[in-house]
Protein chains: 2
Amino acid sequence: MKDGNPLENFAQCSLPLTRHSRVQLAHGSGGRMMNELIRNLFLEAFDNPTLNQMEDCATLVVEGKRLTFSTDSYVVDPIFFPGGNIGELAVNGTVNDLSMAGARPLCLSVGFILEEGFPMQELNIIVDSMQAAARQAGVAIVTGDTKVVDKGKADKIFINTSGVGVIEHEFVISPERIETGDCVLVSGTIGDHGIAVLSQREGLSFESPIESDTAALNGLVSAIVETAGDRVRALRDPTRGGLAATLNEFAEQAGVSIEIDESSVPVQPAVVGACELLGLDPLYVANEGKLTAVVAPEIADSVLQRMREHPLGRNAALIGEVTSSRRTFVSMRTRIGGVRIVDLPVGEQLPRIC
Amino acid sequence: MKDGNPLENFAQCSLPLTRHSRVQLAHGSGGRMMNELIRNLFLEAFDNPTLNQMEDCATLVVEGKRLTFSTDSYVVDPIFFPGGNIGELAVNGTVNDLSMAGARPLCLSVGFILEEGFPMQELNIIVDSMQAAARQAGVAIVTGDTKVVDKGKADKIFINTSGVGVIEHEFVISPERIETGDCVLVSGTIGDHGIAVLSQREGLSFESPIESDTAALNGLVSAIVETAGDRVRALRDPTRGGLAATLNEFAEQAGVSIEIDESSVPVQPAVVGACELLGLDPLYVANEGKLTAVVAPEIADSVLQRMREHPLGRNAALIGEVTSSRRTFVSMRTRIGGVRIVDLPVGEQLPRIC
């Protein structure tokens, strides 16, 4: 019987294994603290082979068919920003997570948590742009849920999207397949989304306005997989934590080191300027329409060319390679000829970026 | 270019088609206002045959195999209540939505939205009970997402769970198959969850404590499907809006009328007492571990017996039947011999009940 204080009945529960007694903003950052929370709390409790792979989406085998399944909640602030809004971000983000295993996204669910008093017109705009994004990505929104909480108990609107995709090729695209000598590609300029949101949030304006890159990458992924076949080892979209977090995840999961070349990493001049002004490093700033691909060296040029032919890969670049060292870290040859370690961010550079 | 005020660029958007200019609590109630929001905004925008069926889960056909896919966000207040907490509610709720199409739930995703400062120990308790609920239901939590928002921007913790199931029989379980003469069964006492949450929220205590009925119903559904085969027409778990909302949905989707018998509807005496005290009608109070089944008359007794043999169906009862009238409403023969209309609730009897 759990009457009285329900907490009392859980006195036997294992204590939390993280160093913090309360949730910090950085626990949602995509960096080291989030990693710690996931490993010490969620993986510990939910422990199963699919989850433990720590991919952006789960791969399920149903009657011999490989499906991908992914979820993401969106809490971006502000909800409207240059280049997009929370709705299209929510659609594109889950389409992208499904795509990074090389799957064809089939359908999405959407769960709204609305604050009482949220303007119906803004909801309408968000819903319309979700549908436009879904249409563009070729997926259907097939099921949903709506909750409303009292005014002041949520910040305007939070959106969860989950999705199901199907893998139509025979090989596995996963960081575990990364090998020494593989090439690291990025599909375009980095940092655009984070800076667009931040500039809107802080009321900054730049000479050339910076827009979010929010886009569905499933078409670009198809093009890469068509070109490279099983010689594409790993794909991931560098969202929270930016390119730095994604490369660190690759290095850790594959047990390799990665070296990138600063002068090859594409960054818009306006983003460079904004980052200098704000004291941010573009490597750590979130993207919502870019992917990093690790491919076998013999196919790198063809993949790069194919990416550049795609509207979402026009600024694609070869930015580095997987080095032979067994130490799992990411380093960068800087413009001035030095080498620096690109560490996993510890906490939050920009909270509520997606 | 969407610099400047991003809202300006949407001036052409169709205006919202609901009567309210702002979101009301009742838009998340499971009643008529939520129905209106779903039909006029979400169905209008996302329009596709799967979504338009308005089931608790979507049925997808992937390479000839029928899968179910469902999502729900949980915002229950308080997060700990007699008989459970938000975590097990989130697991059981989505397992149940997947099960109501007769599917075997395979796996879940979980998306946490955490308020900065939320106690790690409470998160640990919630996560542990999610895992316990998942294990009991025989599903794995295979993918997840964590977002943290600044203190005051969310109420402690919101959880989204989505899930995938597989339908292993050939027939379709859907309100559209309901026929005149079919029998309406309920798997046990109604109103327990809503009253348990409300009593905790309001600090009420009753002589016999009322506990939430939160439970995964997939085992009970298997037993029903095994017994009835395709003579089970429709299954649904009466959550928000209670039994009244579910029966109204059935009546509307099937284009039939349903008559239930007040004296046959099982309600715990303590829930009857609490409802009288609080001015609530148990027909409209949420359940989280009960289902309503509509079955062919010739199989009703066998199904009822099979339900009563199951631990979650011990108090199952035959509560009514589908009447011949083409008018789609739900009526109830009252204890004193009258007949009253059981309408769809308009708004929110109890906000944030799940």
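Note that this is a predicted model, so its numbers are computed, not measured. Per chain, residue numbering runs from 1 following the sequence as it is written. As they are written, the chains are lettered A onward and the ligands numbered 1 onward, keeping that order. Totals for whole chains, interfaces and linings use all residues, but because this is a predicted model, local features are given only for residues with pLDDT of at least 70 and pairs of side-chain atoms are given and counted only at 80 or more. In computing side-chain values, all of the structure's heavy atoms are included and hydrogens and water are not.

Asks: Give me the domain arrangement of chain A: which residues, what numbers.
Replies: All names here are of chain A. Domain annotation for chain A reports domain 1 (21–54), domain 2 (60–168) and domain 3 (175–341). Throughout, a residue-residue contact means that at least one pair of heavy atoms, one from each residue, lies within 4.5 Å. With 7 residues of domain 1 in contact, the opposing surface of domain 3 contributes 6 residues. Here the buried area means the combined drop in accessible surface, using a 1.4 Å probe, for two parts upon being joined, counting both sides. A buried area of about 470 Å², summed over both sides, lies between domain 1 and domain 3, and 30% of it is on carbon and sulfur atoms. For this analysis, a polar contact is any N or O atom pair within 3.5 Å, provided that within protein one partner can donate a hydrogen and the other can accept it, and provided that sequence-adjacent residues contribute only side-chain to side-chain pairs. Between the two partners, domain 1 and domain 3, sit 3 residue pairs in polar contact (both at pLDDT 80 or more). Three classes are used, and their members are as follows: Ala, Val, Leu, Ile, Met, Phe, Trp, Tyr, Cys and Pro are nonpolar, Asp, Glu, Lys and Arg are charged, and the others, Gly among them, are polar. When grouped by side-chain class, the residues that make up the side of domain 1 that touches domain 3 number 2 nonpolar, 4 polar and 1 charged. Either an automatic procedure or a domain database provided the assignment from which the domain bounds are taken.

Asks: Could you give an account of the packing of helix α3 (residues 86–99) of chain B against helix α4 (residues 120–137) of chain B, naming the residues involved and the relevant values?
Replies: Residue and element names in this part refer to chain B. Only C-alpha atoms enter the line fits that serve as axes; for helices the fit covers just the stretch in contact. Angles between N-to-C directions range over 0 to 180 degrees. The numbering of helices and of strands both runs from the N terminus, where a helix is a DSSP run of H or I of at least 4 residues and a strand a run of E of at least 2. One can describe the packing of α3 onto α4 by two numbers: an axis separation of 7 Å at closest approach and a directional angle of 30°. Taken together, the axes of α3 and α4 lie roughly parallel to each other. Where α3 crosses over α4, the two elements pack in a sense that is right-handed. Residues I86, G87, E88, A90, V91, N92 and V95 of α3 form the contact with α4, whose participating residues are I126, S129, M130, A133, A134 and A137. Tallied by class, residues from the contact of α3 with α4 come to 9 nonpolar, 3 polar and 1 charged. Any angle between 65 and 115 degrees counts as roughly perpendicular, while under 35 counts as roughly parallel, over 145 as roughly antiparallel, and the rest as oblique. Here a crossing is taken to be left-handed if its near helix is turned anticlockwise relative to the far helix by less than a right angle, and right-handed if that turn runs clockwise.

Asks: Provide a residue-level description of the sheet that holds strand β13 (residues 330–333) of chain A, including the pertinent values.
Replies: Residues and elements named next belong to chain A. Two strands are said to pair when DSSP picks up at least two bridges between them. Spatially, the 7 strands line up as an open sheet ordered β9-β11-β8-β12-β10-β13-β14, and their pairing is mixed. Looking along the sheet, the strands with just one partner apiece sit at the ends: β9 (232–236) and β14 (339–341). Across the sheet, the axes of successive neighbouring strands diverge by a mean angle of 25°, strand direction being ignored. As judged from the 4 bridges shared by strand β8 (residues 183–186) and strand β11 (residues 292–295), these two strands associate in the antiparallel manner. Looking at the pairing, L185 lines up with A293 of β11. Sitting on the sheet, helix α9 (residues 300–309) touches β8, β11 and β12 (317–323), and the angle it makes with β8 is about 5°.

Asks: Explain the side chain of S109(B) residue by residue, including any values.
Replies: Here S109(B) is to be found in strand β5 (residues 104–115). Once residues within four sequence positions are removed from consideration, S109(B) is found in contact with F69(A), T71(A), S162(A), T143(B), N160(B), T161(B) and S162(B).

Asks: Which residues make up the pattern of salt bridges, and what values go with them?
Replies: When the charged atoms of two side chains with opposite charge come close together, those side chains can pair. Residues and elements named next belong to chain A. Here, a salt bridge means any Lys or Arg side-chain nitrogen found within 4 Å of an Asp or Glu carboxyl oxygen. Here the structure, examined in full by the defined rule, presents 40 salt bridges over all chains. Here R352 makes a salt bridge to D155, at a shortest N to O gap of 3.1 Å. In this pair, R352 is assigned in the segment after β14 and D155 in the loop between β6 (140–149) and β7 (157–166), connecting sequence segments 197 residues apart. For the pair formed by R352 and D155, the shared burial category is buried. Remark: exposure states derive from per-residue accessible area (1.4 Å probe, protein chains only) relative to the maximum for the residue type, with buried under 20%, exposed over 50%, and partly exposed in between.

Asks: Help me get a handle on the interface of chain A and chain B, residues and values and all.
Replies: Think of interface size as the accessible area that goes away when the parts come together; that is how it is often given. Contact residues are listed per partner, giving 101 residues for chain A and 100 residues for chain B. Note on chain A versus chain B: buried area summed over both sides is about 8,500 Å², and carbon and sulfur give 68% of it. Looking only at chain A, the three residues that lose the most surface to chain B are V23(A), F46(A) and M120(A), adding up to 9% of its buried area. Across the chain A-chain B interface, the total number found is 8 salt bridges. Salt-bridge contacts for D150(B) lead to R352(A); the nearest nitrogen and oxygen are separated by 3.3 Å. Our count for the chain A to chain B interface comes out at 25 residue pairs in polar contact (both at pLDDT 80 or more). Looking at the side of chain A that touches chain B, its residues break down into 51 nonpolar, 30 polar and 20 charged.

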